[in-house]
Every structure is written in C-alpha cells, then in structure tokens.
Amino acid sequence: MGYRTLRQCVNDLDRSGQLVRIEQEIDPYLEAAEVHRRVFAAGGPATYFAHVKGTRFPMVSNLFGTMERVRYIFRDALAAVRTLVQMKIDPASVLKRPVGLFGAGRAALTTLPRHVSDGPVLANRTSIHDLPQLVSWPGDGGAFITLPLVYTEHPDQPGWKRSNLGMYRVQMSGGDYGANDEVGLHYQIHRGIGVHHAAAIHRGEPLRVNVFIGGAPAMSVAAVMPLPEGMSELSFAGALARHRIPLIYGHGPLPVYAEADFCITGTIDPNRTLPEGPFGDHLGYYCKVHDFPVLRVEQVFHRQDAIWPFTVVGRPPQEDTMFGQLIHELTGPIIPTVIPGVKAVHAIDAAGVHPLLLAIGSERYVPYGERTRPQELLTQTNAILGQGQLSLAKYLFIVAAEDDPALEVHDIERFFTHVLARVDWRRDLHFQTETTIDTLDYSGTGLNTGSKLVIAAVGPPRCELARELPAGFVLPGELAWTNPRVAMPGVLVVEGSGFGVQGSGLDAEDLGPWTLDLGRSLDHFPLVVVVDDSEFTARTTSNFLWVTFTRSNPAADVHGFGEFIDQKHWGCRGPLVIDARIKPHHAPPLVEDPAVSRRVDALFVRGGPLHGLE
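A brief report on the enclosed structure follows. Quantities reported herein were computed from a predicted structural model and do not represent experimental measurements.

1. Describing the overall build of the protein chain
Argument step 1. Across its full length, the protein chain holds 19 helices and 30 strands.
Argument step 2. Dimensions of the protein chain along its principal axes, counting C-alpha atoms only, are 75 × 60 × 55 Å.
Argument step 3. The buried share of the protein chain, reckoned over its 614 residues, is 58%.
Argument step 4. For the protein chain, the proportion of contacts with a sequence separation of at least 24, taken over those separated by at least 6, is 73%.

As structure tokens, then:
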C-alpha cells in the first residue's frame, strides 16, 4: 500500500509482526542509538520507543533495516517505478509487454504534487528543545536529526519543479548555536542544496529552508535518490508513495509538506557560519568540527500523533546500506544509457560508499587482435567520475566485460581476483591529484580535498595469485614488516610500525630502498597493504575494504616496488603497496560507551522486549 503518513506505516508493520515496541523509558543520549545498532545487526524489526526521556514524542527506528521490509513497505509501487525506469531506457521493449503500462501510467500521474491550503503538520507548535535530543556516539558534539528532509527552492527560479529535497544532517544542540533559535545544517560537496545556497549568497539574501521530519516513507527514499539535477524529488516520492505529495501553500514563502510529522522553518544567513560537529558518520569515523551554515529557526510545527523517526550511521553496514541497495535496484539499469559502454557501477558500502567504486565497462573499439591495453575503459572512467556523486570516488577499479562476461560487480572477491590477475602496474595506474573527495573522508589533505586513482585492467591473466602464504614464506627483513596475512587471492596484508615513528609514511627514508629484488620475493602477491592490525584487516572482506580504502589517500599512500616516473606517468615494476595505517590527521574511529552498552544489555535478556534478537 502507499502509506500517506509515518503512523500508517508503523501501525501496518506492527500488525504484520515487523515491529517491536519498547515501553521502558529510553534515553535518547546514546541508549536509543545503541539499541538501534544491535537490532539492525541482528536483522531485527522496526523498533518503536514509546517513552523517550526528556520529550513527549515517541521515536521509531530501523524502518528500512532489511531489504525484505523495504520491499514490503513499497510493495505496491516498486513494479510500477521499475516500469517507468524501463520506459526511459527502452520504450519499445515496454510496448511489447503492455501489461505493466497501466501501473506505470498511474504512477506517472502521482508525480505532480497536490496543492492544499492546510494539513495535519500545522496542528501544533513546539520548540527545538522539546524535540527528541538524539545523540548517537559518545564523541558527538550535540543532538542531531538523522532523517531530516531538507527542502529548498532555487532563489532565481522558485517553485517545486526546481526544488531540492535532501537528507542533510541537522545539529540541534551543542557548539555555539543559540538554544532553540539556531541549528546547524551540514551538507556535503556536490549536493543540490549547495546550488541553491550559492545562488542566495550571490543575491545577498537569506536562503529559505523547511526541514520536514517523518511523513510518508517514500519521502525519505526520495531525499537520498541520486536524481538528475533539475528533477524534483517530490515527483519521485509521489510515484513511490502512490499518491500526489500534498504541499501547503500560503503559510510562508516555501510550501509545507502537509503529512510530515514535524516541520522546522527558517532561513540561512548568507554571511554566517558556525562550527558544526563532531558527528559519528557513515565511514565509521567522526566528522571533525568545521564551519557550516546556520539555520535561524522561525517556527517548529508537529502533527497531533507525531512520531520522531531516526537512524544511526557508523561503520557500514548500517540502515543506510538498505537505501543504497534499493537505489541500485531502481537505477542500476539506467547506467548504460547514461554512460555508453559501461555495464555496471557499484559503490562499495563496506568501504564507506564514496572511497571505492567497482565498474565493468567494455572495449568495443578493437578492430582486430586481442585487447592488450585499456583504451575505451579510460574514456569511460572519465565519464563515471563526471557523474554527480560518483565524482567523489577515491579509488575506481574498472575491467572489460569482454574478458569475463559472467563477472559481476557485487562479487567483490572475484572482481578483485580478476583485476589483480590482469593488471600491469607499469601502465594501468592513473592518478588525479589536488581534486575533490567526500566531505566525510579525512584521508586526504584537507576538507573535500585529496586524490583519486583509477585502475583499469584488460586482457588475459598475467600472473597466478597466491591464495595462502607459501610454505616457509618470510618477509624481506629490510622492510620491517610483520604478521603477514592473505586477505584474498593476491592480496598480502602486513603490519608496519606506527605511522610517524621514523618520519612520514612509506618512503625510502622510512623503510629502506624499494628495490625490484625485494618485490620479487613477494611473487604472486601483486597488492600489499600495510596496516596497524593485519589479523583484523584480513579476517573478513568487509574489514579489508574498510581499512584499506578509508585510511588511504592515493597520491600520498600508494607506493610500489621498482617505482618510476616516465613522462609524468607513475608506475611500478613490482607489487603495488597501499599504506592503510591510521595517520595523525585521520579522524578517530567510532567506539561505543561501555556503560551505556551494559544498560542496554538489560533489554535483550530473557523477559526483555528484545530478547532473542542477538
């Protein structure tokens, strides 16, 4: 069914046995977040917190905690939305099977928002202080809204058609914000709100902002969808919710989403910022404190039966992983139509999404002979890195579909094995330096600043990869590496001394000469990763991806045996080395509070509301 309100969704999940209610009072300071993380990790139900300390509003989390529940929530709309996508890709194929056209046509009719004069969200007023003050991690700088729907319109072209609905975190307390009067608004680079904010600054006027919380679950999905610039998230939300999104006009300069549970209205001063953060974010580390826009709060509304939805981010996988999977299901087929020759692109959730992309392209322009070097693949990488949020990728691995038609971007170990068996480090490394990376990634040289590395591999296998340490294997003594582990075929993980003990990173002064002879002792391991804890890193594929790609900046941390520079091209004749140790400028990883963990334990014991979930 198409839920119009959050309450409808919660009640339906309750009736169908997909929601658990906690009647005990729960503290929004750390306790609620820890409950959420444990329930999500167990693949558990949506969780309703009936009594929340310090507020009269109940909270709900883990609505999107499993793909089964996501598909259940949108069960009546997904087929029609997929048909709309297919119509965009190949209209002729849909006409050959017209049975799905009625549903798609009905979905298309819901993409136009409906103008109304009043709505439930305006029933009551409250203050920022009276809202649930959710703090997810011990080092967070205050309470945050973690599922906000931030609505803005382009100052030069007002109206919903050029609007932006995005999920940008909102800091409600802490720092230098005026209590009840100001909140922090954090948005990352390349987000739609940034275009609107820049236009307002250029005009020298405040940017109007409405922050909605709750409402139809489709609004949350729409807010995180990577839609083309200029396409309204409200249209997508209507198709997914199976009804036209009701907008209240005449109650301020911006429309108000009528079915939201809460609405905060205000303006961003073009000349004012304040320190925002820290905040435990989805890469698994804290975001540090930086100056971000300040929203001057004017009014806070809520409906009569309001529920406060929240999520918790941290080292993946977390609930936002399910958003990513749904986005892939809905938009994955569009990739080949947007980037000719590209078969698939996968942003790796375990590595924090933006740090690592895997892609399958094609080498169609080889008129004769074998594929001996990447050609069209390099053209395709430029196109991939020019697409919206994909431009924030730090590492991009791309291969040719012709070399293995059965290869799949979601089979991560097989993909890496395919690459490492074929890659030629003398030729296949392509760096971009002094460029943009994810705002939340602190492996670079500054906020939003770092480097990128494209690794393109084609042709038949060039080497046999080791799947375990050979008998009698010994690391070269000159390198001072210890505790070797095999993370996956061809990938050796070793421990290096603490970063900065002898100076900077992995270079000639620290670790001795990077001679080709040393590299030859590592035959069958084309990739070596230096870490702080090799056992932890090699224990699971998820650990390997998280450590390697969140703790390294390609231009600074990629090295190689027998390295050289030829006509500005960097390469190496022996194994490639990635320094993935924690560096002094990195943000600290997220760790839970033991005292809070002990308190939450009581909910999971026999007789507790969450017994049996762990």
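There is more to say after this.
2. A short note on the pairing of strand β11 (residues 207-213)
Argument step 1. Most of β11 is tucked away: 6 of the 7 residues are buried.
Argument step 2. Strand direction decides the pairing type here: strand β7 (residues 148-152) and β11, joined by 4 bridges, are antiparallel. Bridging from a neighbouring strand, V150 pairs with V211 of β11.
Argument step 3. Here 7 bridges tie β11 to strand β14 (residues 262-276), and the two strands are oriented antiparallel to one another. If you follow L207 over to β14, its bridge partner there is I268.

3. Let's talk about the packing of aromatic side chains
Two descriptors summarise a pair of aromatic rings, namely the distance from one centre to the other and the angle between the planes of the rings.
Argument step 1. For the structure on display, the rule yields 19 aromatic pairs.
Argument step 2. When the centroid spacing of 5.9 Å and the interplanar angle of 90 degrees are considered together, the rings of F431 and W570 count as edge-to-face. Placement of the pair is F431 in strand β22 (residues 429-436) and W570 in strand β29 (residues 569-572), with a sequence separation of 139 residues.
Argument step 3. Using a relative accessible area of 15% as the deciding quantity, one classes W570 as buried.
Argument step 4. The rings of Y395, F397, F416, F544 and F549 are connected pair by pair, giving a single aromatic cluster.
Argument step 5. Looking at R37, its charged tip hangs above the ring of W137, at a distance of 3.8 Å from the centre.

4. Description of the sheet that holds strand β24 (residues 482-488)
Argument step 1. The strand order across the open sheet built from 5 strands is β24-β25-β26-β30-β27, with neighbouring strands paired in mixed fashion. Strands with a single pairing partner mark the edges of an open sheet, and in this sheet they are β24 and β27 (558-560). Each adjacent strand pair in this sheet contributes to an overall mean axis angle of 25 degrees, direction not counted.
Argument step 2. Bridge analysis of β27 against strand β30 (residues 576-579) gives 3 bridges, and the strand direction is antiparallel. Counted as the bridge partner of H559 is V577 from β30.
Argument step 3. Against the sheet, helix α17 (residues 541-550) touches β24, β25 (491-495), β26 (527-531) and β30, its axis set at about 75 degrees to β26.

5. Quick look at the environment of P278
Argument step 1. Of note, P278 is situated in the loop between β14 and β15 (279-280).
Argument step 2. Residue P278 is classed as partly exposed on the basis of its relative accessible area, which comes to 22%.
Argument step 3. Here the alpha-carbon distance between P278 and W546, two residues 268 residues apart in the chain, equals 21 Å.
Argument step 4. Ignoring anything within four residues of it in the chain, the contact list for P278 reads G139, D140, G141, F144, C287 and V289.

6. Quick look at the pattern of salt bridges
Argument step 1. Throughout the structure, instances matching the rule amount to 29 salt bridges.
Argument step 2. Residues R169 and E276 are paired through a salt bridge, measuring 2.7 Å at the closest nitrogen-oxygen approach. With R169 in the loop between β8 (164-166) and β9 (170-171) and E276 in strand β14, the pair connects residues that are 107 residues apart, well separated along the chain. The same class applies to R169 and to E276, which are both buried.
Argument step 3. In this structure, D305 and R303 form a salt bridge, with 2.9 Å as the shortest nitrogen-oxygen distance.
Argument step 4. Judged by its relative accessible area of 9%, R303 falls in the buried class.

7. As for the side chain of E376
Argument step 1. Secondary-structure assignment places E376 in helix α12 (residues 376-384).
Argument step 2. Apart from residues no more than four positions distant in its own chain, E376 is found in contact with G341, S362, E363, R364 and Y365.

8. Some remarks on the pairing of β7
Working note: regular strand, side chains alternate between the two faces of the sheet.
Argument step 1. Within β7, 5 of the 5 residues are buried, leaving the element largely enclosed by the surrounding structure.
Argument step 2. Across the two faces of β7 the burial is the same, with P148, V150 and T152 and L149 and Y151 all buried.
Argument step 3. Where β7 meets β8, 3 bridges bridge the pair, whose relative direction is antiparallel. In the strand pairing of β8, T152 is matched with N164.

Quick notes on the rules
- Residues numbered from 1 in each chain as written.
- Predicted model: local features only at pLDDT ≥ 70, side-chain atom pairs only at ≥ 80, totals over all residues.
- Heavy atoms only, no water.
- Helix = DSSP H or I, 4+ residues; strand = E, 2+ residues; numbered from the N terminus.
- Buried < 20%, exposed > 50% of the residue type's maximum accessible area, 1.4 Å probe, protein only.
- Contact = heavy atoms within 4.5 Å.
- Pairing = 2+ DSSP bridges.
- Phe/Tyr/Trp six-rings, centres within 6.5 Å; stacked < 30°, edge-to-face > 60°.
- Lys NZ or Arg CZ within 6 Å of the ring centre and 35° of its normal.
- Axes fitted to C-alpha atoms, helices over the stretch in contact; angles between N-to-C directions.
- Salt bridge = Lys/Arg side-chain N within 4 Å of Asp/Glu carboxyl O.

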